[in-house]
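Coordinate analysis (summary)
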Protein chains: 2
Amino acid sequence: MVGPVKLVIAVRRDLDMGKGKIAAQVAHASVSCALTAQRTDKKIFKEWISGGQKKIVIKVDGEDQLRQLIGMAREQGIITEPINDAGFTQVFPGTLTCAGIGPAEESVLEPLTGKYPLL
Amino acid sequence: MVGPVKLVIAVRRDLDMGKGKIAAQVAHASVSCALTAQRTDKKIFKEWISGGQKKIVIKVDGEDQLRQLIGMAREQGIITEPINDAGFTQVFPGTLTCAGIGPAEESVLEPLTGKYPLL
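Here the structure is a predicted model, which is why all the values come from computation and not from measurement. (Residues numbered from 1 in each chain as written. Chains lettered and ligands numbered in written order. Predicted model: local features only at pLDDT ≥ 70, side-chain atom pairs only at ≥ 80, totals over all residues. Heavy atoms only, no water.)

Thoughts on the interface of chain A and chain B
Across the boundary between the two partners, chain A contributes 22 residues, which contact 22 residues of chain B. One can count zero salt bridges joining chain A with chain B. On inspection of chain A and its partner chain B, the count reaches three residue pairs in polar contact (both at pLDDT 80 or more). Put simply, the parts of the chain that give the side of chain A that touches chain B at least two residues each are helix 1 (19–40), helix 2 (42–50) and strand 2 (55–60) of chain A. Per element, the largest residue contribution to the side of chain A that touches chain B is 14 residues, and it comes from helix 1 of chain A. Grouping the amino acids of the side of chain A that touches chain B by side-chain chemistry returns 13 nonpolar, seven polar and two charged. (Contact = heavy atoms within 4.5 Å. Salt bridge = Lys/Arg side-chain N within 4 Å of Asp/Glu carboxyl O. Polar contact = N/O pair within 3.5 Å; in protein donor to acceptor, adjacent residues only side chain to side chain. Helix = DSSP H or I, 4+ residues; strand = E, 2+ residues; numbered from the N terminus. Nonpolar A, V, L, I, M, F, W, Y, C, P; charged D, E, K, R; others polar.)

Have a look at this one:
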C-alpha cells in the first residue's frame, strides 16, 4: 500500500534565472526523476502518474542548502536528480540550478521539504 | 538517421501564473511528452535523452494561438501534450495552460514554433 505520492523540485533562488529558464530546469529534473522512478520503483512511478504527476516547486537559498537537502534525501533512499546546467545562457556552465526529489510518498518527503517556501 | 531533437513547450502568456506555477506546468508537459515518445517513438526518445533533453520554452498570446499550434503539430504527426490544469491555484479548473510539442527533429519543429519568442 502506497500513500499519496509527489515530486518536489527545489530551485535555487540566488541565481538570476528568468521564468523560462527556471521552467526548463524544473522540467529537466522532473523528466529525470520520472524515468529513474520508472526504472527503479515501478510502484511509486505508477502511483505518481495515476495521481496526476503531483509536483511541488520550492525555493532554497543557495547551493549549500540544496546540497544538504539532496544529501538528506539520498540518506533516506529517495530518488534525487540534481540538475547541472550546460550554461549556454544565464548561468555558468555546470551550475547546480535545482534538484528533483522524488517521486516519493508525501509522508516521507514532508519532513525534509515541508519547511521550504513555494517558488 | 535522426537530426538534432528537441522538445518545445508553449506557455500561455495571458494567464496570471507565477514562476513556480509555470515551472510545474512545463514540467508536467515535459514528463508527458517524454513518456509518450518512449512508448511511441523510441528512436526519437533515445536521441532526445542522449542529447541532454534539449528543451525550449516559448510563449504564445493565448488559448487560440496555443490550440492552433497544437493542431498544426498534430497534423504533422508530432507528439503533442496539452496540459489542462486541475485549477487548485491561480487558474480555473480545466484551463489549458501550456502544451509540449515534441520531442521531434529541430528541422520539423522550427517552421511551426520558431516564430514565437522565448519565455
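Observations regarding the confidence of the model for chain A
Here chain A averages 95 in pLDDT, while 99% of its residues score no lower than 70. Interface scoring of the predicted complex returns ipTM 0.96; its pTM is 0.96. (pLDDT = per-residue confidence, 0-100.)

Notes on the pairing of strand 1 (residues 5–12) of chain A
Residues and elements named next belong to chain A. Most of strand 1 sits out of view: eight of its eight residues are buried. Here six bridges tie strand 1 to strand 4 (residues 96–105), and the two strands are oriented antiparallel to one another. From the neighbouring strand, V8 faces strand 4, where its bridge partner is I101. Note that strand 1 and strand 2 share six bridges and pair parallel. Counted as the bridge partner of V8 is I56 from strand 2. (Buried < 20%, exposed > 50% of the residue type's maximum accessible area, 1.4 Å probe, protein only. Pairing = 2+ DSSP bridges.)

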